[in-house]
Every structure is written in structure tokens, then in C-alpha cells.
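# A structural walkthrough
Chain residues, written in single-letter form:
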Amino acid sequence: MTPQTVTARTEILDKVRAALGRTTAAPAPHVPEAARIPARAAGAREVELDRLAREITHLGGHVRRLAGPADLAAALAELVAAEGVSRALLWQTPALRALGLTEILAGLGVEVMPSDASLRQIATCELGITGVDAVLPETGTLVLRAGAERPRTASLVPRVHLAILTPDVLLASLQAALAESRDVACATLITGPSRTSDIELTLTIGVHGPKALYAWVLETGEA
Amino acid sequence: MSRAPVRIDFRGNTQQIEPHMAEAVQRATAKFLGKREMLIDEYGRDRWESLRQAGHELRLHTLMHLDYYLALLEERVTEAGGHVHWARDAEEARRLVLEIAQQHGVRRAVKVKSMATEEINLNESLQDAGIAVRETDLGEYIVQLAGVMPSHIIVPAVHLTKEGIADLFHDKLGIDAPPEPTKLTEIARGRLREEFLAAEMGISGGNFMVAETGALVLVTNEGNGRMCTTLPPLHVAVVGIEKVLPDLESLAIVLQLLPRNATGQKLTSYTTLLTGPRRSAGEGGAEEFHLVLLDNGRSQILADEVTRETLLCIRCGACLNVCPVYNNVGGHAYGWVYPGPIGAILAPQLLGTAVAADLPFASSLCGACADVCPVKIPIPEILLRLRRRVVEGDETGPAVLASAPRLAGIAGSAVMAMPRLYEFGTQLLRVVQAPLRRGSWLPALPPPANRWTDVRPFMAFGADFRQGWRQRTPLGRGRDRRRKIALALGASAFAAIVAALLRRPPGRRAHG
């Protein structure tokens, strides 16, 4: 720490303590029960999945339920054609790799970015495919934890974001989702596609983040 | 945004409001409030009230242990590989950010809208040092291109029309754009993409900081917050010291309050928790993270038991949306970064009552702001406390009401206490006004009274009020007057007897 930092730090903390009528550091406080709320209780699996689909659809996202990995190839072919995809950036987690996405995309003529692609290269991708670490049905939220095989850019830079999830990531409450998000440098809660109402309050989908959000629920298998 | 003002002239500012401002602002506020109502119904009113109460308790608890949570936050951010800096005031914060930028040879920076960076006027100081700073929220980008001030904290360009924005894009970007929000947004997206990729530094504020984990939390809709903190190799965040929260469980409470109350969203499109810099090249994100903790008067606010609750604020902007004053004057009238009821209590404390003496009075004290506040800040109480500080002074500051109004008040009360002097004064005014009088009106008065007559005429001074009242009284004079008084007294006595009889308890009446 520089001398400036030490002085400013001491001075600010001293002023805070003086304002609160103390002269020394407070001992570790206990957050009072009155400052807590009960966590939302989970509903039945099907009810929760319906709620998730309803919320995401309401926000302008597209939800699709696939019976299993076998349906992926056909669904991806549709998506690639509909969105005009020629390049894609993928999470390389073992679960996603097991789905054989790279091979399916190659078969569709889509170039998959190498893991050491530059930002400029990533910026040319039309599609980003990620897994999902948790979903919150009440708000239609997807929780994504970043990591070495889980680039943050995949859910941000391409025009289309495809999130592939399995029902076992259902969580009931925000508390639970946040508790699972410690120990990573970046956790992102995604609730619908990028949006703005900045011009005459007209809702416009797709500002800086993805314009299209697809959430595919794989009924069996892993993602 | 201009430098911190020398004196905020709220009344003067209200004379400069663009004609369609109130209409534009009311469209935005009505929309946000309508969506908020629907969401709270869905959430459940009782559940919502419990959530607000928990939010209040939580924020107050944090403030009362602010030193502990700040030290813990610093420890955790440092453990995560981030750098923590402390800034006593705006000047120190600007210098710290500039030093970081210069050490990294930064020429271009991209920025997420943030109240704290506007409060310290960061853009201007970086630009003075030759660093280009680009605002990247669509609304903020538009007002930056137009060179005007934001009018609402959530939708800064709400006072501009799509036609005006199309013209602006033509003039400043050389692009012929149709006046359609979708097309205009598309153009801005393309332009800003290049800026995100080229920038060497991303600048953000922070909605919250989690002491337990060291996470900086950003709540955004467009995705520019994620862009600014993911694409450039360097990320600097400037955050007020009051934005800290104890733990992730606390974050769950404020994240349920903030978007619902601000824009009527269950959650915004993106809620990002950033804990230090990236941990591997593969994940992307800034390689270096700096957090500047800003005091700039906040520790002083904490010292006053009544006004300290100002610091509970989570910047949702709902108090603006419900405020009858804000809805009629818009954000510019408040003369600084923070408008509306929260600005009326925050600006006089951050800038001092000498600068913002007008603002605590820019309220009807209707209390709608306190009713809508997600963390139950007693805004009307704080307004009254600050009015008193302005007029009488207190431990925090001396009285600052300008000497002219104070003297006028003292003189006025003296005159009122002496009827003869008062009568002489009214006679005098009738004579003095003669050259300015046009019929029953005074259409133009010399300064300073022209601030009234520039906008509307002043009524001419008539005869002595009490004399006029005697002449206008419906009771008239003489015998007629005595008859009317007798009649009125008789009617009153009759009414009093009837009322007394009706009010006798039933038990007694039965016995009687």
C-alpha cells in the first residue's frame, strides 16, 4: 500500500468510527434475524419448469424442451439456419463436450472458435453456446459461473446466446443461487435478452448483449 | 455533467425547463410505477412489506458497522487479487483513477453509467488529461453526444425525441438514420462495439459490494456493464463506501427490492458478481481490477442520527417517480447529479447547505417518497431536519439562509406587531406603485421582483385590507348588521342545545 492509501484509509475509517460514536474497530457483528427473509420454497418439478419457460418467454427469450441429446442435432440445424450462424463460441465443459456440439456444428458448416481465440475473432461470432449452473423459475433467471472452460464472452458478445440446461439445475431461491456463486471471479444472472427503453421508452431488444436468448432444457443426459 | 455547482438555484432552474420536459418525465415515471404496482401485486403485498422491512434493517445494520464491513471487503477483494484504494474526497478519487490509467498507458476508456463517477466529475478530469471517455449506456451515450445533462437517473435521454436523436446521429456520427428506436439502437450498438474492443480501460460504479466475498455487483439491462468489465484488460470501479453489504444472503434481499422498485422488473437482464480479476486467460474478463472506495462526505452524513438514513439508499429512483415536484420540473432543476427527493436530501449533505440550501425546500412534504422507498428512508423527516439546518444551523453547519430573506423576515414580523406602522406601509405601497400600475395589475416590476413578473403579472396593492374587509362583509352596517348578528347568535344557541341533547348518554336519557 502506498502512503496515500494508508493515510486515506485510516482517516476514512476513523471518521466512520467517530460518526458512530466508537474509537476502535467494531468486533465482528451478527446480521440480525430481522434483516433476513425466508427463502422461496420449491414447487413440483414440472410446475417450476413451466414457470421458468413462461418467465423467459415473457421477457422475449425462446424456451424449448428436448427429449434428449439425440434431438440436439435437428434443433441446432434449425437454429443455425434461422439465425444465419457461420461462427460460434462454445463453453468447453466436459458436460457440453459430451453432447458433441462441435461435431454437429462442423457438420452444419459452422466454424467453432478455438479456446485461444482473440476478442476480435470472438466478435465475429453470431452464436455463443453455454451451459447453465442454476435456474430460478420465479424470475426466469439463468445463472452462469465463469471459468477456464467457460468464457464470459460466450453469453455476451455474439448476437445469439444458446443456453443448454438440464432440470437438475433448478433452484427455488435467489439466496440459494447466490450461495452457489461464491468462489468464482465472475457469476452472471441472466434474465432475458439484452434490453433498453432509452429512446422514447420504446422497448428495444438487443443493445450490447445478445439480441436472442434461447434456453433449451434437455430432459435426460447432462449439460 | 458540469462541475459541482457553487450554488443551486432551484427556483431559477425551474424557469429554464424545456417546454415538453414535464410531459416526457411523466411518461417515464408513470410507466415505471405502473409496472412496479403489477409486480408487487404478483409478489404479494405482505411479502413485499416484509422484504422492505428486512431491507431497512439490513442497510441500517450495515451502516452501524460500516468500519467492520469495509475492512472485511478490502481484505476479501485483495485476497481475490484486486487492488483497493481509498479516496477521502472527489479530488483524491479523480487523481487515483487518473494515476491508474496513466500507469497503464490508457488512451481510450469505456464507461458504464454511474452516479458516483458523475458525483466526482471523473470524465472531465480524464479528458483533460487526454484520455477519451465514452459513455456506453444508450441513453447516456445520446446525452453525451448531445452535450446535455441527463433528466432521469434510469432513462437519461427521456426528454429527447426519436426525431431529435436521428438528427443528432446525422450531425455527430454522419449517419442518416430513420427516427426509429430499433434502428437508432442498432447504430449505437455498432458504434460502441468498436469502442469496447479498442478501449484499454473499463470504468464502472457499483450497485453493491459484498464484504463476505469481495464481490462487486452490477445491475444492468443493456449488457454494456458486462462489456466494460469484460473486454478491456483493466477495470476500475469507483464506489461509495455506503454500498457495502455484509454477505450474499443480504444481496438476495436488495436484488429483490432494487429492480422491482426501479423499473418494475423481477431482475434486470444482467446481474453480475465480479470478485477480483479473471483467474485464467480462458475465461476472459479484465486482467487487473481496482476498486476505489469513495467517502466524499459520506462519513460526515453518518454522524447525524436523523440524516444518516440517507445512506440506506440503493438508488432505485422510485422516489423521483412518485414525487409531484420532480414530475413537474424534471431532473435538471435540481442542479446536480442526484435529482428528486433523494437529491433534495443528499445534495445538501454532500455539497453542504451553503450550496444546496434551496433543495430541502423543493418539496411539498407529501411523504409519497417515504411510502415508495424500498429501504424505508424517512425522507420527509430528513428534509425537515435539513430545512432547520439551513435556517438555524446545527452541529453540522451554521445557518446559511441568505441575509436578505432573513432580514426581511425580522422586519416583517416587527411591522406586523405594530398596526399603525403596518397601515402606514400599505398606504405607502399604494402611492409607490402608481407609475407601474396598469389597471388592477402590476405587469412589470424592477429587479429582483422581476423574477416574478417576467412569468406572470403581480396584483396591484388595493386599499388597506382590513378596511376593505369591513366594507365587503355580508353583515353590512347599522341596524341591518345588528339584526343579522342577533339571528346568527340565536341559530347558534339553538344548534348548541340540540347537539348537547343528542350527545347525552342513552342510559341517562332513559332515567330522565
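Throughout, residues of each chain are indexed from 1 in the direction in which the sequence is written. Just so you know, chain letters begin at A and ligand numbers begin at 1, following the order they were written in. At least 70 in pLDDT is required for a residue's local features to be given in this predicted model, at least 80 for side-chain atom pairs to be given and counted, and no such filter applies to totals for whole chains, interfaces and linings, which use all residues. The basis for every side-chain value is the complete set of heavy atoms in the structure, and neither hydrogens nor water enter the calculation.

In this section: the pairing of strand β1 (residues 83-87) of chain B. Residues and elements named next belong to chain B. Of all five residues that make up β1, four are buried, and the element is covered over most of its length. Two strands pair when backbone bridges link them, and β1 and strand β10 (residues 288-294) are joined in this way by five bridges, in the parallel orientation. Its bridge partner lying in β10, V84 is registered against L291. Classification of residues uses two cut-offs on accessible area relative to the type maximum, computed with a 1.4 Å probe and protein chains only: under 20% is buried, over 50% is exposed, and between them is partly exposed. Put simply, DSSP H or I for four residues or longer makes a helix, DSSP E for two residues or longer makes a strand, and each gets a number counted from the N terminus. Paired strands, in this sense, are two strands between which DSSP finds at least two bridges.

What follows deals with the confidence of the model for chain B. Residues and elements named next belong to chain B. When pLDDT is averaged across chain B, the result is 90; 93% of the residues are at 70 or more. Each residue carries a pLDDT value, the predictor's own confidence for that position, ranging from 0 to 100. Residue contacts are defined here by distance: any two heavy atoms, one from each residue, within 4.5 Å place the two residues in contact. Low pLDDT (under 50) marks residues 505-512, which in the prediction has three contacts with non-local residues, meaning those over four places away or in another chain. Taken over the whole predicted complex, pTM reads 0.86, whereas the ipTM for its chain interfaces reads 0.96.

All names here are of chain A. Taken together, six strands build an open sheet; the order of strands is β1-β11-β7-β4-β2-β3 and the sheet is parallel. The two strands at the open ends of the sheet, each matched to only one other strand, are β1 (62-66) and β3 (111-112). Of the pairings in the sheet, the one linking strand β7 (residues 160-165) to strand β11 (residues 212-218) comprises six bridges and is parallel in character. Bridging across to β11, L162 finds its partner in Y214. Relative to the sheet, helix α2 (residues 45-58) contacts β1 and β11, its axis offset from that of β1 by approximately 145°. In the packing of helix α3 (residues 72-83) onto the sheet, contacts are made with β1, β4 (127-131), β7 and β11, and the angle to β11 comes to roughly 175°. In this analysis, axes come from line fits to C-alpha atoms, helices being fitted only over the stretch in contact, and the angle between any two N-to-C directions falls in the range 0 to 180 degrees.

Below, the discussion takes up the packing of helix α2 (residues 21-43) of chain B against helix α3 (residues 45-64) of chain B. Residues and elements named next belong to chain B. Axis separation between α2 and α3 bottoms out at 6 Å; the angle between their running directions is 100°. In terms of their interaxial angle, α2 and α3 are classed as roughly perpendicular. Here R36, E37, I40, D41 and Y43 of α2 come into contact with α3, specifically with R45, R47, W48 and L51. Only Asp, Glu, Lys and Arg are considered charged, only Ala, Val, Leu, Ile, Met, Phe, Trp, Tyr, Cys and Pro nonpolar, and every remaining residue, Gly among them, polar. Here the contact of α2 with α3 is built from residues that sort into four nonpolar, no polar and five charged. Note that the term roughly parallel is reserved for angles under 35 degrees, roughly antiparallel for angles over 145, roughly perpendicular for angles of 65 to 115, and oblique for everything else.

Salt-bridge detection follows one rule: a side-chain nitrogen of Lys or Arg within 4 Å of a carboxyl oxygen of Asp or Glu. Tallying each qualifying case throughout the model produces 51 salt bridges over all chains. The shortest N-O distance in the salt bridge between R47 of chain B and E138 of chain A comes to 3.0 Å. With R47 of chain B in helix α3 and E138 of chain A in the loop between β5 (134-136) and β6 (141-145), the pair connects residues from two separate chains. With relative accessibility at 33%, the residue R47 of chain B sits in the partly exposed group. Among the residues examined, E138 of chain A registers a relative accessible area of 13% and is labelled buried. Across the pair K183 of chain B and E180 of chain B runs a salt bridge whose closest N-O atoms are separated by 3.5 Å. Given a relative accessible area of 44%, K183 of chain B falls into the partly exposed group. A single salt-bridge network, built from bridges that share partners, covers R45, E46, D50, R65 and E219 of chain A.

Residues and elements named next belong to chain A. In terms of residue burial, β11 counts as a mostly covered element, since seven of its seven residues are buried. The side-chain alternation of β11 yields two buried faces, one formed by A212, Y214, W216 and L218 and the other by L213, A215 and V217. Inspection of the sheet shows β1 paired to β11 by five bridges, in the parallel sense. Its bridge partner lying in β11, V63 is registered against A215.

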